[in-house]
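Single-letter residue listing:
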Amino acid sequence: MLFVRWQRVRIVKSVQTKVCVDGSLMKEYVLDEPLTENFLKFLENFGSVRFLEQLRKPYFSFEKEMFISIKGFTGDSNVEVRYKKENNDLVGDYFHLLLYYYDQGDRGILALKGQEDSIRKRMKPRLSHLPGNGV
């Protein structure tokens, strides 16, 4: 899969950080570039992406089970990222990794999948006692 070259997007600032009712950590970031449709297609390699294009501004959400969720509007520079409660110390850099590996195409996908495997191995001992957790 080939992706259109996208300058490495950087997080300009973290606007808000809060702990949600379910214990997950939510961070709202401002990026130096808006999120593109190609980036959202890249995300499909790592989890489920939903699009609501019927809105005035096309909305998307990305879910990576046991890792993070990302919500925002296509073409907007603000994005909300939620880190799962049980693993927020292990997946705290995952959004940064997505931004980093995006412009590397297939090589980036393979590299990030390797990083995910490493994170999952560290998750396994803490989640093995919970019923129905197939990490």
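Coordinates for the structure precede this section.
Values in this document were obtained by computation on a predicted structure and should not be read as measured data. (Residues numbered from 1 in each chain as written. Predicted model: local features only at pLDDT ≥ 70, side-chain atom pairs only at ≥ 80, totals over all residues. Heavy atoms only, no water.)

Trainee: Is there a simple way to think about the overall build of the protein in this case?
Mentor: Along the backbone of the protein there are four helices and six strands. Ordering the α and β elements of the protein from the N terminus gives β-β-α-β-β-β-β-α-α-α. Looking at the protein as a whole, 39% of its 135 residues qualify as buried. Across the protein, the fraction of contacts at a sequence separation of at least 24, relative to all contacts at a separation of at least 6, is 53%. When the accessible surface of the protein is totalled, it reaches about 7,900 Å², and 49% of it is carbon and sulfur. (Helix = DSSP H or I, 4+ residues; strand = E, 2+ residues; numbered from the N terminus. Buried < 20%, exposed > 50% of the residue type's maximum accessible area, 1.4 Å probe, protein only. Contact = heavy atoms within 4.5 Å. Areas by Shrake-Rupley, 256 points an atom, 1.4 Å probe, with all protein chains shown as cover.)

Trainee: How should I be thinking about the pairing of strand 2 (residues 25-31) in this particular structure?
Mentor: Counting buried positions along strand 2 gives five out of seven residues, so the element sits mostly inside the fold. As paired strands, strand 1 (residues 11-19) and strand 2 are joined by seven bridges and run antiparallel to one another. In the strand pairing of strand 2, valine 19 is matched with leucine 25. Connecting strand 1 to the antiparallel partner strand 2 that follows it, the hairpin turn spans five residues, and glycine 23 within it adopts a positive phi of roughly 90°. In the sheet, strand 2 pairs with strand 6 (residues 78-83) via six bridges, with the strands oriented antiparallel. Its bridge partner lying in strand 6, valine 30 is registered against asparagine 78. (Pairing = 2+ DSSP bridges.)

Trainee: Looking at this structure, I do not really get the packing of aromatic side chains. What am I missing?
Mentor: For any two aromatic rings, the description comes down to two numbers: the centre-to-centre distance and the angle of the planes. Using the criterion set out here, one finds eight aromatic pairs in the structure. Measuring from ring centre to ring centre gives 5.6 Å for tyrosine 59 and phenylalanine 73, while their planes differ by 70°; the resulting arrangement is edge-to-face. With a gap of 14 residues between them, tyrosine 59 in strand 4 (residues 59-64) and phenylalanine 73 in strand 5 (residues 68-73) connect regions that are remote in the sequence. Using a relative accessible area of 21% as the deciding quantity, one classes tyrosine 59 as partly exposed. By way of ring pairs, the aromatic residues Phe39, Phe42, Phe46 and Tyr102 are connected into one cluster. (Phe/Tyr/Trp six-rings, centres within 6.5 Å; stacked < 30°, edge-to-face > 60°.)

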